[in-house]
Amino acid sequence: MAASNDTETPIVEPNPSGDSPDTGIRALQDRIRQQELLAELGVTALQGASLDQLLTETARLTAKGLRVEFCKILEHIPSSNRLLVRAGVGWDAGVIGVASVGADLESPAGFALRTGKPVISNHLENEERFRTSDLLKQHGIRRAMNVILQGDGKPFGVLEVDSRSHDEFLEFDLAFLQGAANILGMAIERERHERRLTGALEKHQFLLKEMNHRVKNSLSMVASMLNLQARDHANPELTGHLSEAANRIAAIGKFYDRLSYGADVERMDIGQYVSAICKDLNENVGQCEIVTDLVDGIFVETDRAIAIALIVNELITNAAKYAYSNEVGGKIFVKVGRDNPDAFTISVRDEGAGLARDFDLHKAKGLGMRIVAAFAKQLNAISAVRSHEIGAEFVITIPLNAAPLL
Ligand SMILES: Nc1ncnc2c1ncn2[C@@H]1O[C@H](COP(=O)(O)OP(=O)(O)OP(=O)(O)O)[C@@H](O)[C@H]1O
Ligand SMILES: [Mg+2]
């Protein structure tokens, strides 16, 4: 952006007295103070304050730096060719956000905006170059100084200081005012970029959500078709297989629908995700109840999260199917924990019938265990069975990064 107008020759009204201004010690102290205030403003701008806060803070610090009672930030409204008082200090109630001045060349602010040249008017009562706005007259303003405020590509408006006192604005006051305007201009530009980026991210997240929702709807349709087909067969084994396939497909659809995106669209909190999918699975486990114990703050890539969801689905389905009787049901405990700096664990435990003595996780022939093994491999995870006096527990240890655990 072209923020600096330091090289511009200021439009200064003629000094009728011809006296040279006092540039003594007080002036030097003022200069140091002004530098400090500019630094303070720079810090505020860097801290990422909101635009309104930034405008008000600039007005406050600028008025302080120039020892004046009034300061305002005028925003250019092209549709009406006016400069709206967007923020400021010292003004009567009802001015900020409401009052405006013309943006034409006859107005000092308009002149600064159009030409990029700073304007100093130390004697408004004798001003012949520009008209004095009603706003200044109503507030008894005697002197004013205007500089352009650059924005994102085009000027945002004008920064103006005004005073009732008989003192005079000097060249170095102008340098301070332009310095404040330049810092604010950069902050405005950054804020607008940020706003645009946030807007783009929100749109991106919305589209991803919509896409996953459609994936879910498509998969539910496939599942419904398989269920219809299952009903057509007299063979109970085939019917069972078809409806299990339908359940798995419907579950995958739900896992997609549950993907949510924060600021980081590629990663998600696995504890929160598992919590969401357990809520969905509660509908499929009959009399059983899924009890969760999940830590937040473990982030994994989205595709790995889906693989984890598929494993959890198989383990919960098995617990509901084999651990308890259909009529009575029981609790299925799902835990996501982090007891290792490089990995986290997901465990699914029940207090039911337990596994057969010769059960070998890695040799089990069922599709469920093969799905668990295949996705565990994809995740570079280690799967294990823990024995308990009652029930069964499956523990999957998953590396935080895709690299295999040592
Ligand atoms: N929580 C559990 N409690 C008791 N037995 C279990 C449990 N989980 C799994 N099993 C046993 O392990 C076997 C293998 O499970 P797996 O999920 O691979 O196959 P399945 O459930 O029989 O079939 P599929 O998953 O293809 O529908 C099961 O048949 C069951 O005997
Ligand atoms: Mg199974």
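Residues numbered from 1 in each chain as written. Chains lettered and ligands numbered in written order. Predicted model: local features only at pLDDT ≥ 70, side-chain atom pairs only at ≥ 80, totals over all residues.

Asker: Quick question: what am I supposed to make of the domain arrangement of the protein here?
Answerer: Many authors give the size of an interface as the accessible area that is lost as the parts come together. Domains assigned within the protein are domain 1 (11–194) and domain 2 (266–406). Here domain 1 and domain 2 have C-alpha centroids that lie 64 Å from each other. (Domains from an automatic or database assignment.)

Asker: Quick question: what am I supposed to make of helix α3 (residues 108–115) here?
Answerer: Owing to its 3.6 residues per turn, the α-helix aligns residues three or four sequence positions apart on the same side. With 6 of 8 residues buried, α3 lies mostly within the body of the structure. Buried within α3 we find Pro108, Ala109, Gly110, Phe111, Ala112 and Leu113. Close packing links the buried residues of α3 with β2 (70–77), β3 (82–89), β4 (100–102), β5 (119–121), β6 (143–150) and β7 (155–163). (Buried ≥ 20, exposed ≤ 12 C-beta atoms within 10 Å, placed from the backbone. Helix = DSSP H or I, 4+ residues; strand = E, 2+ residues; numbered from the N terminus. Contact = placed C-beta atoms within 7 Å.)

Asker: Whenever I open this one, the environment of Gly90 confuses me. Can you help?
Answerer: Checked against the element boundaries, Gly90 lands in the loop between β3 and β4. Sequence-wise, Gly90 and Arg60 are 30 residues apart; in three dimensions their C-alpha atoms are separated by 9.2 Å. Leave out the neighbours within four places in its chain, and Gly90 touches Ala63, Glu69, Phe70 and Cys71.

Asker: What am I meant to see in unusual backbone geometry here?
Answerer: Across residues other than glycine, the phi torsion is negative in most instances, and most of the peptide bonds are trans. The phi dihedral of Arg67 falls on the positive side, at around 50°, and the residue is not glycine. Along the chain, Arg67 falls in the loop between α2 (51–65) and β2. Under the C-beta neighbour-count criterion, Arg67 is labelled partly exposed, with 14 such atoms within 10 Å.

Asker: Is there a simple way to explain the confidence of the model for the protein in this structure?
Answerer: Regions with low pLDDT carry predicted coordinates that are not meant to be interpreted in detail. Mean pLDDT over the protein stands at 89; residues scoring 70 or higher make up 93%. Throughout residues 1–7 the model reports pLDDT below 50, and contacts reaching past four residues in sequence, or to other chains, amount to 17 contacts. (pLDDT = per-residue confidence, 0-100.)

Asker: Would you take a moment to explain helix α7 (residues 270–281) for this structure?
Answerer: Here α7 is 12 residues long and its end C-alpha atoms lie 16 Å apart, about the 16 Å a rise of 1.5 Å per residue gives. Among the residues of α7, Ile270, Gly271, Tyr273, Val274, Ile277, Cys278 and Leu281 are the ones counted as buried. Projected down its long axis, α7 shows its buried positions confined to an angular sector of 160°, all on one face. (Expected span 1.5 Å × (residues − 1). Arc of directions from axis to C-beta.)

Asker: Explanation requested: the nonpolar core in the structure shown.
Answerer: In summary, soluble globular proteins display a tendency toward joint burial of nonpolar side chains. Of all hydrophobic cores here, the largest spans 49 residues; its most connected members are Val158, Leu159, Val161, Leu177, Ala180 and Leu184. It is helix α5 (residues 171–232) that provides the largest number of residues to this core, a total of 9 residues. Not counting residues within four places of it along the chain, the set of residues in contact with Leu177 comprises Thr62, Leu66, Met145, Val147, Leu159 and Val161. Of all hydrophobic cores here, the second largest spans 48 residues; its members include Val274, Ala305, Val312 and Ile398. (Core = buried A, V, L, I, M, F, W, Y, C linked by C-beta atoms within 7 Å.)

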